[in-house]
Amino acid sequence: MTLETLSIRANGEPRRVTGGLSIADMLNEMGVDPLRVAVERNLNVVPRGTLGEVKVEDGDDYEVVHFVGGG
């Protein structure tokens, strides 16, 4: 049995991810902590509280912005 993969873009780079993932799952696969980023999907900001619910879809375009502390 082969798993379906989806073609997406993340920060301008093409990627393949496993079908059925939530955005939070995708971020974890990318080594990104969902609590430390803001996510834009297809030019719309995704509320952090929904990252575990919204499913990644083929052709999605993501911008993932890391929060950086400093002073």
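Thresholds, definitions, all that
Residues numbered from 1 in each chain as written. Predicted model: local features only at pLDDT ≥ 70, side-chain atom pairs only at ≥ 80, totals over all residues. Heavy atoms only, no water. Core = buried A, V, L, I, M, F, W, Y, C linked by side-chain atoms within 4.5 Å. Buried < 20%, exposed > 50% of the residue type's maximum accessible area, 1.4 Å probe, protein only. Helix = DSSP H or I, 4+ residues; strand = E, 2+ residues; numbered from the N terminus. Contact = heavy atoms within 4.5 Å. Polar contact = N/O pair within 3.5 Å; in protein donor to acceptor, adjacent residues only side chain to side chain.

## A closer look at the nonpolar core
- By size, the foremost hydrophobic cluster in this structure holds 16 residues, and its most contacted members are Ile23, Met26, Leu27, Val39 and Val56.
- For this core, the secondary structure elements donating two or more residues are strand 1 (5–10), helix 1 (23–29), strand 3 (37–41) and strand 5 (61–66).
- Take this core: its biggest share by element is four residues, from helix 1.
- Leave out the neighbours within four places in its chain, and Val39 touches Ile23, Leu27, Asn44, Val45, Val46, Leu51, Tyr62 and Glu63.

## What about the side chain of Arg41?
- On the secondary structure map, Arg41 appears in strand 3.
- A residue is classified by how much of its surface remains accessible, and Arg41, at 16% relative accessible area, is buried.
- At 3.3 Å, the side chain of Arg41 forms a polar contact with the backbone oxygen of Lys55.
- Not counting residues within four places of it along the chain, the set of residues in contact with Arg41 comprises Ile23, Val46, Val54, Lys55, Glu57, Asp60, Asp61 and Tyr62.

## Side note on the environment of Glu4
- Along the chain, Glu4 turns up in the segment before strand 1.
- The exposed category is assigned to Glu4, whose relative accessible area is 56%.
- Not counting chain neighbours up to four residues away, the residues in contact with Glu4 comprise Val17, Thr18 and Gly19.

## Quick word on the side chain of Asp60
- Structurally, the position occupied by Asp60 is in the loop between strand 4 (44–46) and strand 5.
- Using a relative accessible area of 4% as the deciding quantity, one classes Asp60 as buried.
- Looking at Asp60, its side chain comes within polar contact range of the side chain of Arg41, at 3.0 Å.
- Engagement of the side chain of Asp60 in a polar contact is seen with the side chain of Tyr62, the distance being 2.7 Å.

## Examining the environment of Arg36
- Structurally, Arg36 can be placed in the loop between helix 1 and strand 3.
- Along the backbone, Arg36 and Arg15 are 21 residues apart, and their C-alpha atoms lie at a distance of 21 Å.
- Those residues in contact with Arg36 that lie beyond four places of it in its chain are Val65, His66 and Phe67.

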